[in-house]
Amino acid sequence: MSNPYIELVKAHDVLLQKQDAPLFSVLDGLPIAAKNTSGPVAMVFAPHPDDECIIGALPLRLAREDGYRVINVAVTLGSNLPRQPERLAELDRACQVLGFELQETIPGGLMAVNPKTRGSDPTAWAEKVAVIAALIEQYQPTVCVVPNDNDGHAAHIGTHYLLLDALAKLGHACFVVQSEFWRAMATPNALIETNIADTADLIAALACHVGEVQRNPYHLRLTSWMADNVRRGAEVVGGAGVVAPTFSFGTIYRIDRFDGKTLQNSGQKYILAAGDKIGSIFK
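Predicted model only: the values in this text are computed from it and were never measured.

Enquirer: Could you give me a rundown of the packing of helix α6 (residues 122-139) against helix α7 (residues 154-170), with the residues and numbers involved?
Expert: One way to put it is that α6 packs onto α7 with a least axis distance of 8 Å and a crossing angle of 65°. As judged from the angle between their axes, α6 and α7 are roughly perpendicular. The element α6 and its partner α7 pack so that their crossing is right-handed. On the side of α6, the interface is formed by W125, K128, V129, A130, I132, A133, I136 and E137, while α7 contributes G158, Y161, L162, L163, D165, A166, L167, K169 and L170. A per-class count over the contact of α6 with α7 returns 12 nonpolar, one polar and four charged.

The following block contains the structure:
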């Protein structure tokens, strides 16, 4: 008897090795999503251009299902200075695909957003915090999405503390949604499904980051990561031994309330399928 899973593995391999997946260096033929210009505000604090796609499942659903105005804050434009203008143009195209507004911090983006700067150069860190605080004061977000404090990349961790320091500086209360990518969170409390259309749009937006996915085609692997999120999220969010949800694609988060001073454990757990009302979490 032959291995009954060989064809499944072959089919998956074909998708991952796909050489003709389009890279959207131009927007010709690619739908541009309408932006919500009113409604409650969700701000995505993206350490690099492309993070808005990778961690964008929850804000995308808030925009499409609950009328949220989503603003992607480009905290940095990467450390490769010659490529920053190109990365900004790629980011603009990606945000158009998702219907997110693009908000720069300063021209060229912030630099040295990392725990080392926070610990050793308080003056420089305070200047960066002031930039983020001004944006929070301008947009008054209900929801802020940011990497968790142990996300395995210095800029991701730095962005986490940059946001929390800015929120504390203002005393701004809101929901803080922590994401993961480079390292799994120890205590996530939310698994959020994206349907086929939303998942495809996240991949199309990620493919707009041409210079990045040419060197590493991680847009083709996003569905694999999201499928594994469902496997892991079923038990780390739902509880060990529970029956896993039947949906295919999900993103793991931690959702808590920032009370103006510190993060407060919500004590809640959320597994939300595509048909569930995601906006009800943030009431």
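Enquirer: Give a description of unusual backbone geometry that names residues and reports values.
Expert: Trans is the prevailing form of peptide bonds, just as negative phi is the prevailing case for residues other than glycine. We note that D50 has phi near 120°; this positive angle belongs to a residue other than glycine. Here D50 is to be found in the loop between β1 (41-46) and α2 (51-54). For Q140, which is not glycine, the phi torsion reads 50° and is therefore positive. Take Q140: it is sitting in the loop between α6 and β4 (143-147).

Parameters and conventions
- Residues numbered from 1 in each chain as written.
- Predicted model: local features only at pLDDT ≥ 70, side-chain atom pairs only at ≥ 80, totals over all residues.
- Heavy atoms only, no water.
- Axes fitted to C-alpha atoms, helices over the stretch in contact; angles between N-to-C directions.
- Helix = DSSP H or I, 4+ residues; strand = E, 2+ residues; numbered from the N terminus.
- Parallel < 35°, antiparallel > 145°, perpendicular 65-115°, else oblique.
- Left-handed = near helix turned anticlockwise from the far one by under 90°.
- Contact = heavy atoms within 4.5 Å.
- Nonpolar A, V, L, I, M, F, W, Y, C, P; charged D, E, K, R; others polar.

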